[in-house]
Every structure is written in structure tokens, then in C-alpha cells.
Amino acid sequence: RRGEMAKSTQLIDNEVFRAYATYAAIVLLKMMLMSLITAYFRITRKAFVNPEDTASFGKGESAKKFLRSDPDVERVRRGHLNDLENIVPFVGIGLLYALSGPELSTALLHFRIFTGARILHTFAYLIPLPQPGRGLSWAVGYSVTFSMAYKVLKTAWLL
Amino acid sequence: RRGEMAKSTQLIDNEVFRAYATYAAIVLLKMMLMSLITAYFRITRKAFVNPEDTASFGKGESAKKFLRSDPDVERVRRGHLNDLENIVPFVGIGLLYALSGPELSTALLHFRIFTGARILHTFAYLIPLPQPGRGLSWAVGYSVTFSMAYKVLKTAWLL
Amino acid sequence: RRGEMAKSTQLIDNEVFRAYATYAAIVLLKMMLMSLITAYFRITRKAFVNPEDTASFGKGESAKKFLRSDPDVERVRRGHLNDLENIVPFVGIGLLYALSGPELSTALLHFRIFTGARILHTFAYLIPLPQPGRGLSWAVGYSVTFSMAYKVLKTAWLL
């Protein structure tokens with residue numbers, strides 16, 4: 001029992017892995033937040049896509065008019081999909097990177113810049129900020145993931 | 001050779017990690033099943049999006065009429081995207097959670113509730129069940145992932 | 001300090017894990033490439049979705065005409081979403097598979113076939129190749145992930 005616990009906490013005792021766990025959890029929670037923002041806009045804008053979601057507004061034509069797309073809802077959904085496209089590679093490559101033995105300070109630099117860039121990206125998308133705000137924050141996050149992938153491939157390469 | 005095998009099976013010998021591996025594989029397979037359901041509806045409803053997919057129905061206008069959207073196909077696709085938005089955070093945060101040294105019984109509780117909720121969510125989406133069936137099953141899965149993220153951040157926190 | 005580094009490189013010293021890290025990084029980078037291809041087509045086809053992205057083309061009606069959907073852009077986006085739906089399960093299940101103690105040769109076979117199939121799938125989608133080119137490359141990747149999930153569940157099963 002004790003031995004098992006010790007084994008299971010081995011990775012989590014490693015500082016780079018702890019930093020990875022912290023930042024991966026933060027960006028995944030940030031991505032999950034997009035679901036709540038979508039729900040908020042769907043309800044306040046009364047813009048739904050599933051007929052069963054509008055049943056509480058009455059039957060027939062009176063409910064049907066709420067089956068519509070809304071620009072604010074669509075904007076949040078695009079931000080959510082962009083998160084999936086960028087945060088998923090970060091979480092996957094970041095795990096391998098954390099296991100490839102980087103310096104703690106270098107790893108923290110990667111994780112912090114990525115996380116900051118993705119939080120900025122969400123604000124840039126939802127406010128919205130004028131370009132190139134959103135484009136730059138996207139490119140910074142993308143480059144961090146790319147840099148980690150380079151380290152992973154250099155360390156692990158076995159084709 | 002032997003030592004290497006032993007090393008590689010270290011994590012998989014841990015009971016919490018085995019439970020994680022089992023449930024993560026199940027929910028990922030469930031998510032993959034959505035691709036087959038989409039293909040089934042596309043073929044039976046004859047509703048495609050790529051011109052090359054309708055080539056077997058003939059050429060020109062006779063094939064073009066199958067390039068259309070179908071409500072059943074779109075419903076499965078929304079369920080699939082919702083899986084991506086919710087199962088991906090579960091798999092990522094769940095891995096970190098499994099490595100953060102939780103009690104086996106607590107971990108099993110989290111994994112079982114999440115998996116049950118997401119299977120219910122799929123049925124609620126595809127049948128479809130009246131609300132709040134789908135909404136509640138979504139919220140239960142969401143809360144489980146949130147609870148695991150809390151444990152991860154409490155254990156690993158290194159910003 | 002040394003002990004910590006040794007611990008952190010334990011997994012990455014395992015050959016199956018190194019092979020997994022290599023192929024997971026490659027397919028995630030391939031998926032990330034879809035963002036660049038989308039950006040390339042959006043700019044060359046002048047087809048945008050966010051009003052702030054067309055601001056550099058002028059104001060009012062002159063910029064508004066670039067807020068449109070383009071078949072090439074939509075095709076790349078469908079390929080990108082298909083990558084998310086298939087590469088994410090591979091990365092998740094593949095990690096568990098690599099930790100379940102497979103033979104190196106068997107593991108390499110799985111990783112190589114999946115990676116080859118997904119690269120072919122991208123070409124089949126973007127050129128596009130006539131069916132069943134895209135369908136077959138999709139099915140091959142899907143089957144590899146399924147085969148790895150079977151091994152994971154057989155090894156780890158704890159419900």
C-alpha cells in the first residue's frame with residue numbers, strides 16, 4: 001500500500017512535472033470556461049441550435065424563432081475551437097517535454113509564456129481587440145509548443 | 001531488456017493508474033464511436049459535404065443533390081464536438097489526477113461518474129431526451145473534471 | 001538535483017516511450033500545420049470570418065465582402081477537425097499503450113502505420129484524391145488506435 005502510493009507520486013514529486021501539471025490544468029480549465037461562456041450567450045441572446053433546448057419558451061412557432069445563430073455565440077465557439085486546436089497540442093507535447101528532462105527555469109518560461117498568450121488570445125477574441133492582437137497571441141502560443149516539440153524530438157528521437 | 005520492461009510497466013502496475021487507463025480508454029473509444037455514427041447517418045441520409053464522396057452516385061447534378069446538410073448528421077456532429085470539448089480535458093486532467101496520489105476509491109468514484117455521465121449525455125443528445133437531461137449529464141461530467149483539477153492544483157501547484 | 005533529473009528522464013529512457021514521444025510529436029505537429037494552411041488559404045482567397053480580420057482591406061462595404069466562406073478554406077478546416085477527432089484519441093490511448101509494456105517492434109508497427117495513414121489522409125483530403133482514398137486512410141488510422149485500446153484494456157482493466 002505504502003510502496004504503491006510512493007510509486008504513484010514519483011512523477012508529481014519532480015519539479016518540472018509539477019510545473020507542467022499546474023499550467024496544463026490551468027489552460028484546460030480556461031478551455032472548459034469557454035463552454036460556460038457559450039451557454040451564457042446562448043441563454044442571454046436566446047440563440048439555440050437544438051429544438052429540445054427551446055421547449056421552455058413554449059411550443060411551435062413561438063419557440064422556433066430561438067433556433068438561430070447569433071454572432072456573439074459563434075464568436076465564443078470559434079474561440080473554443082481555436083483553444084482545442086492549440087491547447088491540445090500543448091498538453092500532449094508539454095507532457096513529453098516535461099519528461100524529456102528540461103531545466104526547470106526553461107520549462108517554466110515555456111509554460112508561462114504559452115499560458116499568458118492563450119489567456120490574451122481569449123480576451124483578444126471575445127472583446128474583440130483589433131488585429132494583430134489575436135494573431136500575435138496565437139503565434140506566440142504556437143511557437144512555444146513548436147519549441148517544446150523540437151526539444152522532445154531531439155531527446156526522444158526513435159523512428 | 002527485462003529491466004526495461006519492468007520500468008515500462010511501473011505506472012501500469014499502480015491501481016489508480018490502471019483505473020485511469022481503463023476509463024480513459026473507454027471514454028476515448030466512446031468519442032471515436034461518434035465518427036462511425038456520423039458515417040452511418042451520412043450514408044443512410046445521403047448527406048455529404050465533400051464532392052468526391054458523392055461520385056459513386058453518378059456525375060453532375062444527380063450527385064450534387066447529395067451535397068447537403070441533414071439534421072441527424074448535424075446532431076451527431078454536435079455531440080462529437082461536445083465530446084472533444086469535455087472528454088479531452090478529462091483525459092488530460094485525469095492523467096495528472098491519477099499521478100497526484102488520490103485514494104483508489106475516490107479516484108474510481110470520479111472516473112465512474114464521469115464515464116456514466118458522458119454515456120448518458122450521448123444518449124440524451126442522439127435520442128434526443130427532453131431537457132434538462134442533456135444539460136444535467138453535461139454538468140455532472142464537467143463538475144467531476146473540475147474536482148480532479150482542484151486536487152491536481154492543490155497537490156502539484158508550482159507556478 | 002541529479003537524482004531529480006534521473007527520475008525525470010526515466011520514462012524517456014524507455015525505448016517504447018521514446019518511439020511514442022517521437023510519433024506523438026510528429027502527428028501533433030502535423031495537426032498544428034493545418035492552422036497554417038487555413039491561414040494561408042484565408043489570406044490568398046481573402047475569405048475571413050471575423051470583421052476585425054478584414055480591417056486592413058478598408059472600411060465598411062469594401063471590407064465586408066471578404067467576410068465570406070471559401071470552399072478551399074472549409075476543406076482545410078474539415079481536415080483539421082478530422083485530425084482533432086482522430087489524433088487526440090491516438091495520443092491519449094497511445095500513451096497508455098506505451099506504458100502497458102508492448103514489444104518495441106509491435107509498438108513501432110502501430111505508431112508507423114497510424115502516422116503514415118494520417119499523413120496520407122491529409123493529402124487525400126487537400127488534393128483531393130478520389131474516394132475511397134480518404135476513407136481508407138481514415139479507417140487504417142482508426143483501426144490502429146482501436147488495436148492499441150484493446151491492448152490497454154487487456155493489460156490495465158480495473159473497472
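Residues numbered from 1 in each chain as written. Chains lettered and ligands numbered in written order. Predicted model: local features only at pLDDT ≥ 70, side-chain atom pairs only at ≥ 80, totals over all residues. Heavy atoms only, no water.

1. Looking at the UniProt feature "transmembrane region" (unreviewed entry) in chain A
And then number 1: Taking the UniProt record as the reference, the feature "transmembrane region" (unreviewed entry) is found at residues 20-41 of chain A.
And then number 2: The span residues 20-41 of chain A carries 100% helix and 0% strand; its end-to-end C-alpha distance comes to 32 Å. (UniProt positions renumbered as here; feature names shortened; annotations may be inferred. Helix = DSSP H or I, 4+ residues; strand = E, 2+ residues; numbered from the N terminus.)

2. Things to note about the interface of chain A and chain C
And then number 1: Facing the 37 residues of chain A at the interface are 40 residues of chain C.
And then number 2: Carbon and sulfur atoms make up 66% of the area that chain A and chain C hide from each other, which totals about 3300 Å².
And then number 3: For the salt bridge of arginine 134 of chain A with aspartate 53 of chain C, the shortest nitrogen-to-oxygen distance reads 2.9 Å.
And then number 4: Inspection of the chain A/chain C interface yields 11 residue pairs in polar contact (both at pLDDT 80 or more). (Contact = heavy atoms within 4.5 Å. Buried area = accessible area lost by both parts, 1.4 Å probe. Salt bridge = Lys/Arg side-chain N within 4 Å of Asp/Glu carboxyl O. Polar contact = N/O pair within 3.5 Å; in protein donor to acceptor, adjacent residues only side chain to side chain.)

3. Thoughts on the interface of chain A and chain B
And then number 1: Residue-level contacts link 40 residues of chain A with 38 residues of chain B.
And then number 2: Together chain A and chain B conceal approximately 3300 Å² of surface at their shared face, both sides included; 66% is due to carbon and sulfur atoms.
And then number 3: Scanning the region where chain A abuts chain B turns up 3 salt bridges.
And then number 4: The partner of glutamate 52 of chain A in a salt bridge is arginine 134 of chain B, with the nearest N and O atoms 3.4 Å apart.
And then number 5: Viewed at the interface, chain B and chain A are joined by 11 residue pairs in polar contact (both at pLDDT 80 or more).
And then number 6: Counting residues per element, the ones that place at least two in the side of chain A that touches chain B are helix H1 (2-8), helix H2 (10-13), helix H3 (15-44), helix H5 (71-98) and helix H6 (104-126) of chain A.
And then number 7: Broken down by element, the residue count for the side of chain A that touches chain B peaks at 18 residues, all from H3 of chain A.
And then number 8: A class-by-class count of the residues in the side of chain A that touches chain B yields 24 nonpolar, 7 polar and 9 charged. (Nonpolar A, V, L, I, M, F, W, Y, C, P; charged D, E, K, R; others polar.)

4. Looking at the relation of the copies chain A and chain B
And then number 1: By a simple turn and slide, chain A fits onto chain B: the slide is 0.0 Å along the axis, the RMSD is 0.0 Å, and the turn is 120°. The superposition operator between the copies reduces to a three-fold rotation axis. (Least-squares fit on C-alpha atoms with pLDDT ≥ 70 in both.)

5. Remarks on the confidence of the model for chain A
All names here are of chain A.
And then number 1: When pLDDT is averaged along chain A, the result is 92; 94% of the residues meet or exceed 70.
And then number 2: Averaged pLDDT values over the elements of chain A bottom out at 42 in H1 and peak at 98 in H6.
And then number 3: The low-confidence segment residues 1-9 (pLDDT under 50) makes 13 contacts with residues lying over four places distant or belonging to another chain.
And then number 4: Scoring of the predicted complex yields 0.93 for pTM and 0.92 for ipTM. (pLDDT = per-residue confidence, 0-100.)

6. What about the packing of aromatic side chains?
And then number 1: Enumeration over the complete set of coordinates arrives at 30 aromatic pairs over all chains.
And then number 2: An angle of 40° between the planes, with centres 6.2 Å apart, marks the rings of tyrosine 23 of chain B and phenylalanine 111 of chain B as tilted. Note that tyrosine 23 of chain B is positioned in helix H3 (residues 15-44) and phenylalanine 111 of chain B in helix H6 (residues 104-126), a separation of 88 residues in sequence.
And then number 3: Classification of phenylalanine 111 of chain B as buried rests on a relative accessible area of 0%.
And then number 4: Centre to centre, the rings of tyrosine 97 of chain B and phenylalanine 111 of chain B are 6.0 Å apart; their planes meet at 85°, and the pair counts as edge-to-face. Highlighted residues: tyrosine 97 of chain B in helix H5 (residues 71-98) and phenylalanine 111 of chain B in helix H6, separated in sequence by 14 residues. You'll find tyrosine 97 of chain B and phenylalanine 111 of chain B in the same group, each marked buried.
And then number 5: An aromatic cluster of three or more residues is present, and its members are Phe17, Tyr20, Tyr23, Phe90, Tyr97, Phe111 and Phe114 of chain A.
And then number 6: Over the aromatic face of tyrosine 125 of chain A sits the side chain of arginine 134 of chain A, whose NZ or CZ is 4.4 Å from the ring centroid. (Phe/Tyr/Trp six-rings, centres within 6.5 Å; stacked < 30°, edge-to-face > 60°. Buried < 20%, exposed > 50% of the residue type's maximum accessible area, 1.4 Å probe, protein only. Lys NZ or Arg CZ within 6 Å of the ring centre and 35° of its normal.)

7. Some thoughts on the relation of the copies chain A and chain C
And then number 1: Rotating chain A by 120° about the axis while translating it 0.0 Å along that axis superimposes it on chain C, leaving an RMSD of 0.0 Å.
And then number 2: Counting the interface residues of chain A, we find that no more than 16% of their copies in chain C are interface residues as well, pointing to two distinct contact surfaces.

8. With respect to unusual backbone geometry
And then number 1: Residue proline 132 of chain A is reached from glutamine 131 of chain A by a cis peptide bond, and omega for that bond is 10°.
And then number 2: Relative to the elements of secondary structure, proline 132 of chain A occurs in the loop between H6 and helix H7 (133-156).
And then number 3: In the segment running from isoleucine 127 of chain B into proline 128 of chain B, the intervening peptide bond is cis, with an omega of -15°.
And then number 4: Relative to the helices and strands, proline 128 of chain B resides in the loop between H6 and helix H7 (133-156).

9. A few points about the nonpolar core
And then number 1: Core analysis: the biggest nonpolar cluster contains 120 residues, and Phe17 of chain A, Phe17 of chain B together with Phe17 of chain C have the highest contact counts within it.
And then number 2: Contacts of phenylalanine 17 of chain C, omitting those with residues within four sequence positions, involve Leu96 and Leu99 of chain A together with Leu11, Ile12, Leu95, Ala98 and Leu99 of chain C.
And then number 3: Membership of the second largest hydrophobic core comes to 6 residues, among which are Ile37, Phe41, Val73 and Val76 of chain B. (Core = buried A, V, L, I, M, F, W, Y, C linked by side-chain atoms within 4.5 Å.)

10. Considerations on the layout of surface pockets
And then number 1: Considered as a void within the structure, the second largest pocket measures approximately 720 Å³ in volume.
And then number 2: Asn82 and Arg134 of chain A together with Ala39, Arg42 and Asp53 of chain C are, among the 24 residues lining the second largest pocket, the residues nearest its centre.
And then number 3: Of all elements in the fold, only H5, H6 and H7 of chain A together with helix H3 (15-44) and helix H5 (71-98) of chain C reach the threshold of two or more residues within the lining of the second largest pocket.
And then number 4: Considering each element in turn, the lining of the second largest pocket owes the most residues, 5 residues, to H3 of chain C.
And then number 5: Split by residue class, the lining of the second largest pocket holds 8 nonpolar, 9 polar and 7 charged. (1 Å grid on protein atoms, 1.4 Å probe; cavity = no way out; pocket = protein on both sides within 12 Å on 5 of 7 lines; lining within 4 Å. Points joined across faces, edges and corners; volume = space filled by probe spheres on them.)

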